[in-house]
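A look at the structure
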Amino acid sequence: YCLYFGWATSKTDALVSAEGQPAALAWVKTEFGLSEAEFDSLEETNAAYQPRCEAMCMELSREREALASLVGKPTATAAEIAAAQEKVNAMEQRCFRMTLDHIYDVSQAMESEKGARYRKHMITELMGYRIGHHELLSGSANDER
């Protein structure tokens, strides 16, 4: 979800805008017509979020790798696999919540109307990603039956 936030807010393939700003932040500034003060606040909010996001992404990756490794073991029990899956599920929930909280934090750095429009856009994107991700996973599971 953390990586998703960067993708969803970036409507360009470039990582850095012409002004030298991260593309996701530049997109938000342009799309929502942010003032310099709003944009400065957005940059501060994003700078505080980014290291936490990256750390959580790394932790989620490790949990997914551990699950994949366990699934590949012929001696793994159903209980061990279920416990590892629960760890992944819990981490995904934490990532989702952290991303949702960040969306609200960013929206509060904007004028009310801009913030509401930003929240609506980003939460719609986030939920669409989440639904699509689960449909993809359930679809592939159904294809294997």
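Residues numbered from 1 in each chain as written. Predicted model: local features only at pLDDT ≥ 70, side-chain atom pairs only at ≥ 80, totals over all residues. Heavy atoms only, no water.

**A short note on the overall build of the protein**
Just so we agree on the cut-off: Segments assigned H or I by DSSP are reported as helices when at least four residues long, segments assigned E as strands when at least two residues long, and all are numbered from the N terminus. For every residue, the accessible area (1.4 Å probe, protein chains only) is compared with the maximum for its type, and the residue is labelled buried under 20%, exposed over 50%, or partly exposed between those bounds. The criterion used for residue contact is that any of the two residues' heavy atoms lie within 4.5 Å. Accessibility throughout is a Shrake-Rupley quantity obtained with a 1.4 Å probe, and a residue counts as covered only by protein chains that appear here.
Looking only at helices and strands, the protein has 5 helices and 0 strands in total. For the protein, the α and β elements follow one another from N to C terminus as α-α-α-α-α. Put simply, the protein has 145 residues, and 35% of those count as buried. Contacts in the protein between residues at least 24 apart in sequence constitute 62% of all its contacts with a sequence separation of at least 6. In the structure as shown, the protein presents an accessible area of about 8900 Å², 56% of it carried by carbon and sulfur atoms.

**A short note on the packing of aromatic side chains**
Spelled out, the test is: For Phe, Tyr and Trp, where Trp contributes only its six-membered ring, two rings pair if their centres lie within 6.5 Å, and the inter-plane angle classes them as stacked under 30 degrees, edge-to-face over 60, or tilted in between.
Tallying each qualifying case throughout the model produces 2 aromatic pairs. Centre to centre, the rings of Trp 27 and Phe 32 are 5.8 Å apart; their planes meet at 90°, and the pair counts as edge-to-face. On the basis of relative accessible area, Phe 32 is assigned to the buried category, the value being 4%. Look at Phe 32 and Tyr 118: their rings are 5.4 Å apart centre to centre, the planes differ by 80°, and that puts the pair in the edge-to-face class. Residue Phe 32 is found in the loop between α2 (23–31) and α3 (36–71), and its partner Tyr 118 is found in helix α5 (residues 112–143); the two are separated by 86 residues along the sequence. By relative accessible area, which is 0% here, Tyr 118 ends up buried.

**Quick look at the packing of α3 against helix α4 (residues 78–107)**
Each pair of packed helices gets described by two things: the angle between the helix axes and the distance between those axes. Our working definition: Angles shown run from 0 to 180 degrees and are taken between the N-to-C directions of axes, each axis being a line fitted to C-alpha atoms and, for helices, limited to the stretch in contact. Comment on the angle field: the value is read as roughly parallel under 35 degrees, roughly antiparallel over 145, roughly perpendicular from 65 to 115, and oblique elsewhere. A clockwise turn of the near helix away from the far one marks a right-handed crossing, whereas an anticlockwise turn of less than a right angle marks a left-handed crossing. In this count, Pro and Cys sit with the nonpolar residues alongside Ala, Val, Leu, Ile, Met, Phe, Trp and Tyr, while Asp, Glu, Lys and Arg are called charged and the others, Gly among them, polar.
Relative to each other, α3 and α4 sit at 165°, their axes nearing to 9 Å. Here α4 runs roughly antiparallel to α3, going by the angle between their axes. The hand of the α3/α4 crossing is left-handed. The residue makeup of the contact of α3 with α4, split by class, is 15 nonpolar, 5 polar and 9 charged.

**Points about the side chain of Glu 38**
Spelled out, the test is: The definition of a polar contact used here is a pair of N or O atoms within 3.5 Å, where within protein one atom must be able to donate a hydrogen and the other to accept one, and adjacent residues in sequence count solely through side-chain atom pairs.
Its location among the elements puts Glu 38 in helix α3. Looking at Glu 38, its side chain comes within polar contact range of the main-chain nitrogen of Ser 35, at 2.8 Å.

**Some details on the pattern of salt bridges**
The cut-off we apply is this: The salt bridge criterion pairs a side-chain nitrogen of Lys or Arg with a carboxyl oxygen of Asp or Glu, the two atoms within 4 Å.
Summed over the entire model, instances satisfying the criterion amount to 7 salt bridges. With its nearest N and O atoms 3.1 Å apart, the salt bridge here joins Glu 38 to Lys 114. Taken together, the residues Glu 38 in helix α3 and Lys 114 in helix α5 connect sequence positions 76 residues apart. Both residues of the pair, Glu 38 and Lys 114, belong to the buried class. Three or more residues joined by partner-sharing salt bridges are found here, namely Glu 38, Glu 111 and Lys 114.

**Side note on the nonpolar core**
What counts here: Here, nonpolar core means buried Ala, Val, Leu, Ile, Met, Phe, Trp, Tyr and Cys residues that are tied together by side-chain atoms lying within 4.5 Å of each other.
Among the nonpolar cores identified, the biggest contains 15 residues, and Val 28, Phe 32, Leu 34, Leu 42, Met 110 and Tyr 118 are the most heavily contacted of them. When residues of this core are traced back to their parent elements, those giving at least two are α2, α3, α4 and α5. Sort the elements by how many residues they give to this core and α4 lands first, with 4 residues.

**Section: α2**
Counting buried positions along α2 yields 7 of 9 residues, so the element is predominantly enclosed. Every buried residue of α2 is accounted for by Ala 23, Ala 24, Leu 25, Ala 26, Trp 27, Val 28 and Lys 29. Looking one or two residues beyond α2, the residue adopting positive phi is Gly 33, at roughly 55°.

**A word on the confidence of the model for the protein**
For the record, the criterion: Values of pLDDT, the confidence the predictor places in each residue, fall between 0 and 100.
On average, the protein scores 81 in pLDDT, and the residues at 70 or more come to 73%. Here helix α1 (residues 2–9) stands out as the element of the protein with the lowest mean pLDDT, 49, in contrast to α4, whose mean of 94 is the highest. Long-range and interchain partners of residues 7–18, a stretch whose pLDDT sits below 50, account for 26 contacts in this model, where long-range means more than four residues apart. Note on residues 140–145: pLDDT is under 50 here. Beyond four places in sequence and across chains, it has 0 contacts.

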